[in-house]
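# Structural overview
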Amino acid sequence: QGQLVESGGGLVQAGTSLTLSCAIPQDTFSSYSLGWFRQAPGKEREFVAAITWSGGRTSYADSAEGRFTISRDNAKTTLYLQMSSLKAEDTAVYYCASNQNGYQSSSDSTDYKYWGQGTQVTVSS
């Protein structure tokens, strides 16, 4: 299995938007569900959003609902996380991950087998 590679992180001001991308190997992308997680300094990794293999079902953490949008481009084998109205508390390292159960938009990190190295998002207030 190849590696998942996140990109798009950076330093932004509160209230602005940012889109993260995750390049995923074809053999992992095609039938797997995908998710975004994040880990802030001194805190445990937490669920952000997930999407099924078809893109037909998504799920979000309460903190992301209404502000973040998860999507996937099957042609580009890329996962996205569009983040808007960013807050200082969104500051974290963001990880993408793949779940062999393509029908499950799970919030449980133990359901995800493959992980990227993470991309830092810093929101200044």
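Please read all numbers here as calculations on a predicted model, not as lab measurements.

## Some words on the nonpolar core
Within soluble globular proteins, side chains that are nonpolar generally end up buried alongside one another. With 28 residues, the main nonpolar core has Trp 36, Leu 79, Leu 81, Met 83 and Tyr 94 as its most contacted residues. Of all the elements in the fold, those that place two or more residues in this core are β3 (18–23), β4 (33–39), β5 (46–51), β7 (68–73), β8 (78–83), β9 (92–99) and β11 (119–124). One finds Ala 50, Ala 61, Ala 97 and Tyr 112 within the second-largest nonpolar core, a separate group that totals six residues.

## Overview of the sheet that holds strand β1 (residues 5–7)
Read across the open sheet, the four strands follow the order β1-β3-β8-β7; overall the sheet is antiparallel. Only two strands of the sheet have a single neighbouring strand rather than two, namely β1 and β7. Here the average twist between neighbouring strands, direction ignored, is 15°. Across three bridges, β1 lies against β3 in antiparallel orientation. Residue pairing for β3: Ser 7 is matched across the bridge by Ser 21.

## Side note on the pairing of β8
By the bridge criterion, six bridges tie β3 to β8 in an arrangement that is antiparallel. Bridging across to β8, Ser 21 finds its partner in Tyr 80. Two strands pair when backbone bridges link them, and β7 and β8 are joined in this way by six bridges, in the antiparallel orientation. The partner of Phe 68 across the bridge, within β8, is Met 83. Hairpin geometry of β7 and β8 is characterised by an intervening segment of four residues between the two adjacent antiparallel strands and by a positive phi of about 45° at Thr 77.

## Concerning unusual backbone geometry
Despite not being glycine, Thr 77 has its phi angle at roughly 45°, a positive value. Residue position: Thr 77 is located in the loop between β7 and β8.

## Quick word on the state of the cysteines
Counted by the stated rule, this structure contains one disulfide. Through a disulfide, Cys 22 is tied to Cys 96; the S-S separation comes to 1.9 Å. Around the S-S axis, the bridge from Cys 22 to Cys 96 shows a dihedral of about 55° and counts as right-handed. Taken together, the residues span a long stretch of sequence, with Cys 22 in strand β3 and Cys 96 in strand β9 at a distance of 74 residues.

## Re the side chain of Asp 90
Looking at the element boundaries, Asp 90 is found in the loop between β8 and β9. Polar contacts involving the side chain of Asp 90 include one to the side chain of Arg 67, which spans 2.8 Å. Ignoring sequence-local partners within four residues, the contact set of Asp 90 consists of Arg 38, Arg 67, Phe 68, Ser 85, Val 121 and Val 123.

## So, the pattern of salt bridges
Within this structure, the stated rule accounts for three salt bridges. Between Glu 46 and Arg 38 there is a salt bridge; the shortest N-O distance is 2.6 Å. Judged by relative accessible area, which is 35%, Glu 46 ranks as partly exposed. Here Asp 90 and Arg 67 are joined by a salt bridge, their closest N and O atoms 2.8 Å apart. Of the two residues, Asp 90 is situated in the loop between β8 and β9 and Arg 67 in the loop between β6 (58–60) and β7; the sequence distance between them amounts to 23 residues. On the basis of relative accessible area, Arg 67 is assigned to the buried category, the value being 13%. Taken together, the shared-partner salt bridges connect Arg 38, Glu 46, Arg 67 and Asp 90 into one network.

Definitions and cut-offs
- Residues numbered from 1 in each chain as written.
- Predicted model: local features only at pLDDT ≥ 70, side-chain atom pairs only at ≥ 80, totals over all residues.
- Heavy atoms only, no water.
- Core = buried A, V, L, I, M, F, W, Y, C linked by side-chain atoms within 4.5 Å.
- Buried < 20%, exposed > 50% of the residue type's maximum accessible area, 1.4 Å probe, protein only.
- Helix = DSSP H or I, 4+ residues; strand = E, 2+ residues; numbered from the N terminus.
- Pairing = 2+ DSSP bridges.
- Axes fitted to C-alpha atoms, helices over the stretch in contact; angles between N-to-C directions.
- Disulfide = S-S within 2.5 Å.
- Polar contact = N/O pair within 3.5 Å; in protein donor to acceptor, adjacent residues only side chain to side chain.
- Contact = heavy atoms within 4.5 Å.
- Salt bridge = Lys/Arg side-chain N within 4 Å of Asp/Glu carboxyl O.

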